[in-house]
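Reading the structure
The chain contents come next:
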Amino acid sequence: MELHEYLRTADEIERDGAAALAAAADADALEAARIAFLGDRSGRIKALQESLKSIPKESKPAAGKRFNEARTRLEALLAERKSAVDRAAGAGAAEDLTLPARRQWEGAKHPVTLVIEEIEGIFRELGFTIAVGPEAETEWYNFGALNFPPNHPALDAHDTMYLEREGLLRTHTSPVQVRTLQRFAPPIRVLIPGKVYRRDPFDASHAPAFEQIEGLCVDEGISFVDLKATLNLFAKRFFGASRTRFRPSFFPFTEPSAEMDVQCGICGGAGCAACKGTGWIEILGSGMVHPSVLEAAGLDSERYTGWAFGMGPARIAISRYKIPDIRILYDSDARFLEQIAGAGHPGGAR
Ligand code: PHE
C-alpha cells in the first residue's frame, strides 16, 4: 500500500470512528462502536495496524506516526464518551422513583400532654366533662373558699406567688371546684386540667409551674365508695392491672382525705429505685368534699355530698416513661419528645 493511500484510509477510520463514538447514546451503543473501531480482533484500527506491514520501508515512519495519532485520538474519544454515558446513567438513578421518600419530621406530643389526654379520655367515658378556670386567682377561691385557715402556711409568700396588685397565681386547680359548683347545679362530674404555680426551686423533682388535673363529683348520695370505685377503675385503666392503696391524709378542703398509691409497675411491689424502695407510687390526693366548701359555693351540704381528687400529670409522666429528671419535661428538646412519642405507652393498659 502506498503511503498516500494509507494516510487517506487512516483519515477515514478516524473520522468514522469519532462519529460512531459521538453518536453512541448509551453503554451498549458505545461498546459496539468500541468493538468496531478499537476492538482487538476485527476493529478497524487493528486492520490499519495490520496494513502497516504492506507500506514500503521508507514510508513506514510516517505511516506509523499517523497510525498512532488515529488510535490515540479514538481511545481518548472513547474514554471521554464513556464517562459521559456513565454520568448520564448515574443521574437517572438519582431520579429513581421507587426510592423511599426522605422522611418528613413530624414533631410529637409532649409526654405531659399525652398523659393528660389519656386521663381525660378515661374520665370522659365515665361521664365527666372538662372544665377550666383562671390561672390568676383570688385568695378567696384559692384558699378561703377551700377552708384554708388564714394562718395556713400555704398562704405564706414563701410558698405562693402573689400578684403585684391583688390576687395570686393559683397553687392548685382546686379553686375551679368552687367556680364550677357556683355556676352549675348538681349532678356535677368535671375534670379540670390546668397549670398551677408554687414558689418551689426548680430541681429534679420540683418545678415552679406545673400541670394538675382535678376531678370533682357532686350529687345527692355520693359517698366514699364512689370515690374509691372510680379512682380504682381509673388506676386499672391507666396503669394496667396494678393494685392500689388508700392512705389517710389531710387537705383543708376534703374530709376524710386520702392519698392513692398504685403498686410500682417497675418492680411489681418488691421495691426499687423508681418507688424509693416502697413498692408503691403516689398518684393523687383525694377526699370527700368538705361541707364548708359546698357551703362556700352556695350548696346545701345537708343535701349534697361529693368527692374530689388532684394529681400531677408530670409526676405520672416521669414514672411512666422513666424520666430521671422533671426538668427534661421543660426543655422541649424535640429529640426527647420524639423518643417518648415513639415509645407508646409502656405502662398502659391499652
Ligand atoms: N389540691 C390538692 C393539691 O394540690 C390535691 C387535691 C385535690 C386533694 C382535690 C384532694 C382533693 O395537692
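Everything discussed here concerns the structure shown above.
Below: a short report on this structure. Computed from a predicted structure; not experimentally measured.

Two aromatic rings, taken as a pair, are described by how far apart their centres are and by the angle between their planes. Taken as a whole, this structure holds 13 aromatic pairs when the rule is applied. Relative to Phe239, the ring of Phe234 lies with its centre 6.3 Å away and its plane at 80°, an arrangement referred to as edge-to-face. With respect to burial, Phe234 and Phe239 carry one shared label: buried. An aromatic cluster is built from Phe123, Phe128, Phe234, Phe238, Phe239, Trp307 and Phe309, whose rings are joined through pairwise contacts. In this structure, Arg179 packs its charged tip against the face of Tyr141, placed 3.9 Å from the ring centre. Over the aromatic face of Phe238 sits the side chain of Arg320, whose NZ or CZ is 4.1 Å from the ring centroid.

Nonpolar side chains in soluble globular proteins tend to end up buried together. By size, the foremost hydrophobic cluster in this structure holds 43 residues, and its most contacted members are Ile119, Leu231, Phe234, Met260, Ile283, Trp307 and Met311. Elements with a contribution of two residues or more to this core: α5 (111–125), β5 (209–219), α8 (224–239), β7 (254–263), β8 (280–289), β9 (305–311), α10 (313–320) and α12 (334–343). It is α5 that provides the largest number of residues to this core, a total of seven residues. Those residues in contact with Ile119 that sit more than four places away from it in its chain are Leu191, Ile213, Phe234, Phe238, Met311 and Ile316. Leu168, Ile192, Val289 and Val293 belong to the second largest nonpolar core, which has 24 residues in total.

Put simply, helix α1 (residues 3–23) and helix α2 (residues 27–38) touch, their axes get as near as 9 Å, and they point 165° apart. The pairing of α1 with α2 is recorded here as roughly antiparallel in orientation. Of the two possible hands of crossing, α1 and α2 adopt the one that is left-handed. Only Leu30, Ala33, Arg34 and Phe37 of α2 make contact with α1, whose side of the interface consists of Ile13, Asp16, Gly17, Ala20 and Leu21. For the contact of α1 with α2, the residue count by class is six nonpolar, one polar and two charged.

Reading the values: the criteria
Residues numbered from 1 in each chain as written. Predicted model: local features only at pLDDT ≥ 70, side-chain atom pairs only at ≥ 80, totals over all residues. Heavy atoms only, no water. Phe/Tyr/Trp six-rings, centres within 6.5 Å; stacked < 30°, edge-to-face > 60°. Buried < 20%, exposed > 50% of the residue type's maximum accessible area, 1.4 Å probe, protein only. Lys NZ or Arg CZ within 6 Å of the ring centre and 35° of its normal. Core = buried A, V, L, I, M, F, W, Y, C linked by side-chain atoms within 4.5 Å. Helix = DSSP H or I, 4+ residues; strand = E, 2+ residues; numbered from the N terminus. Contact = heavy atoms within 4.5 Å. Axes fitted to C-alpha atoms, helices over the stretch in contact; angles between N-to-C directions. Parallel < 35°, antiparallel > 145°, perpendicular 65-115°, else oblique. Left-handed = near helix turned anticlockwise from the far one by under 90°. Nonpolar A, V, L, I, M, F, W, Y, C, P; charged D, E, K, R; others polar.

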